[in-house]
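# Survey of secondary and tertiary structure
Spelled out, the chains give:
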Amino acid sequence: MLAAARRAFARHAYADTTIAAIADDAGVSPALVMKYYGTKENLFTQVFTFDADATALFDAPLDRLARHMVLHLLATQRGQTRDPILRIAFSRHHLELGGQARANFRTQVIDALAARLPGPGAPLRAEMAIGVLLGLGALYATVQADQLTQLDPEEVADLYVPLLQPLLRGEATAGR
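Sequence order sets the numbering: in each chain, residues are counted from 1 along the sequence as written. Side-chain atom pairs in this predicted model are given and counted only at pLDDT of 80 or more, local residue features only at pLDDT of at least 70, and totals for whole chains, interfaces and linings cover all residues. The basis for the side-chain values is all heavy atoms of the structure; hydrogens and waters are excluded.

### Some points on the overall build of the protein
Rules: The secondary structure listing takes helices from DSSP runs of H or I that are at least 4 residues long and strands from runs of E that are at least 2 residues long, numbered from the N terminus. Relative accessibility decides the category of a residue: with a 1.4 Å probe and only protein chains considered, values under 20% of the type maximum give buried, values over 50% give exposed, and everything between is partly exposed. Note on definitions: a residue-residue contact is assigned when non-hydrogen atoms from the two residues lie within 4.5 Å. To measure how exposed things are, a 1.4 Å probe is used in the Shrake-Rupley method; for residues, cover is taken only from the protein chains shown.
Broken down by element type, the protein carries 10 helices and 0 strands. Going residue by residue from the N terminus, the α and β elements of the protein occur as α-α-α-α-α-α-α-α-α-α. A total of 176 residues make up the protein; the buried ones form 42% of that total. In the protein, 65% of the contacts between residues at least 6 apart in sequence involve partners at least 24 apart. Counting only carbon and sulfur atoms, one obtains 54% of the accessible surface of the protein, whose full area is about 8900 Å².

### Some words on the nonpolar core
Defined as follows: We call a set of buried residues a nonpolar core when its members are Ala, Val, Leu, Ile, Met, Phe, Trp, Tyr or Cys and they connect through side-chain atoms within 4.5 Å of each other.
Membership of the largest hydrophobic core comes to 49 residues, with the highest contact counts inside it found for Phe9, Leu43, Phe58, Val70, Leu113 and Leu136. Not counting residues up to four positions away in its chain, the partners in contact with Leu136 are Val70, Leu73, Leu74, Leu148, Val156 and Tyr160.

### Describing the packing of helix 8 (residues 122-143) against helix 10 (residues 153-169)
Selection rule: Here the axes come from fitting lines to C-alpha atoms, over the contacting stretch only for helices, and the angles between their N-to-C directions go from 0 to 180 degrees. These descriptions rest on fixed angle ranges, namely under 35 degrees for roughly parallel, over 145 for roughly antiparallel, 65 to 115 for roughly perpendicular, and the rest for oblique. Should the near helix be turned counterclockwise from the far one by less than a right angle, the crossing is left-handed, whereas a clockwise turn marks it as right-handed. Only Asp, Glu, Lys and Arg are considered charged, only Ala, Val, Leu, Ile, Met, Phe, Trp, Tyr, Cys and Pro nonpolar, and every remaining residue, Gly among them, polar.
The N-to-C vectors of helix 8 and helix 10 enclose an angle of 160°; their axes lie 8 Å apart at closest approach. On the basis of their axis angle, the class for helix 8 and helix 10 is roughly antiparallel. The chirality of how helix 8 crosses helix 10 is right-handed. Across the interface between the two elements, Arg125, Met128, Ala129, Val132, Leu133, Leu136, Leu139 and Tyr140 from helix 8 touch Val156, Tyr160, Leu164, Leu167, Leu168 and Arg169 from helix 10. Looking at the contact of helix 8 with helix 10 residue by residue, the class counts come to 12 nonpolar, no polar and 2 charged.

### Examining the packing of helix 6 (residues 62-77) against helix 8
As a packed pair, helix 6 and helix 8 sit with axes 10 Å apart at the nearest point and diverge in direction by 25°. Relative to helix 8, the element helix 6 lies roughly parallel. The two elements helix 6 and helix 8 meet at a crossing, and its hand is right-handed. Listed contacts from helix 8 to Met69, Val70, Leu73, Leu74 and Gln77 of helix 6 are Leu133, Leu136, Gly137, Tyr140 and Ala141. Of the residues that constitute the contact of helix 6 with helix 8, the class distribution is 8 nonpolar, 2 polar and no charged.

### Topic: the pattern of salt bridges
Worth spelling out the cut-off: Any Lys or Arg side-chain nitrogen found within 4 Å of a carboxyl oxygen on Asp or Glu counts as a salt bridge.
With the rule as written, the count across this model stands at 4 salt bridges. The salt bridge involving Arg67 is made with Asp158; its shortest N-O contact spans 2.5 Å. With Arg67 in helix 6 and Asp158 in helix 10, the pair connects residues that are 91 residues apart, well separated along the chain. With a relative accessible area of 44%, Asp158 lands in the partly exposed category. Linking Asp111 and Arg106 is a salt bridge whose minimum nitrogen-to-oxygen distance equals 3.6 Å. The class for Asp111 is partly exposed, based on a relative accessible area of 35%. Connected through salt bridges with shared partners, the residues Arg67, Glu154 and Asp158 form a single ionic network.

### Regarding helix 6
Threshold: A helix is expected to span 1.5 Å multiplied by its residue count minus one. The angle separating two fitted axes, one through the seven residues that finish at a residue and one through the seven that start at it, defines the bend at that residue.
Over its 16 residues, helix 6 extends 23 Å from the first C-alpha to the last, a length consistent with the 22 Å expected when each residue adds 1.5 Å. At His68, helix 6 is bent by approximately 25°, the largest bend along its length. Residues of helix 6 that are buried: Leu65, Ala66, Met69, Val70, His72, Leu73, Leu74, Ala75 and Thr76.

The quantities given are spatial measurements derived from coordinates; they are silent on function.
Structural data, given as structure tokens:
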């Protein structure tokens, strides 16, 4: 049900998303969705909560974190796991509730990453690192970049780790 809700809220504005459509996509009754989530707003809130996703995204030691993050994001794009990053790109469709989704993303993803980073400028470096991942995710999900999507995930990671690792270690903004 939650996966169906993620798809629905990614494609449609909150006002245009119905419990019936989510239930149909999930192969369950609308009553069952309501039993578990109570209201459409509660379901939306659950879709745009990132704690568990951030935990999985950042589940690696700092020296291997860049590779892990890239490979995890690529796995989401290939449907092997949940998408922890790109859901936020769709929050702009949701007017008032989108603000809460963006606030959740800031605290549960960006601030959580910043807390793990050593050295000065960690909040800025965390934003930049997540920006790199958002760009990669957008290339896969929306642009479907021909050259990039033909590469093996390990090859993509080899290309992206040199972009991310200096941000994570504090080497990229040392002069700031």
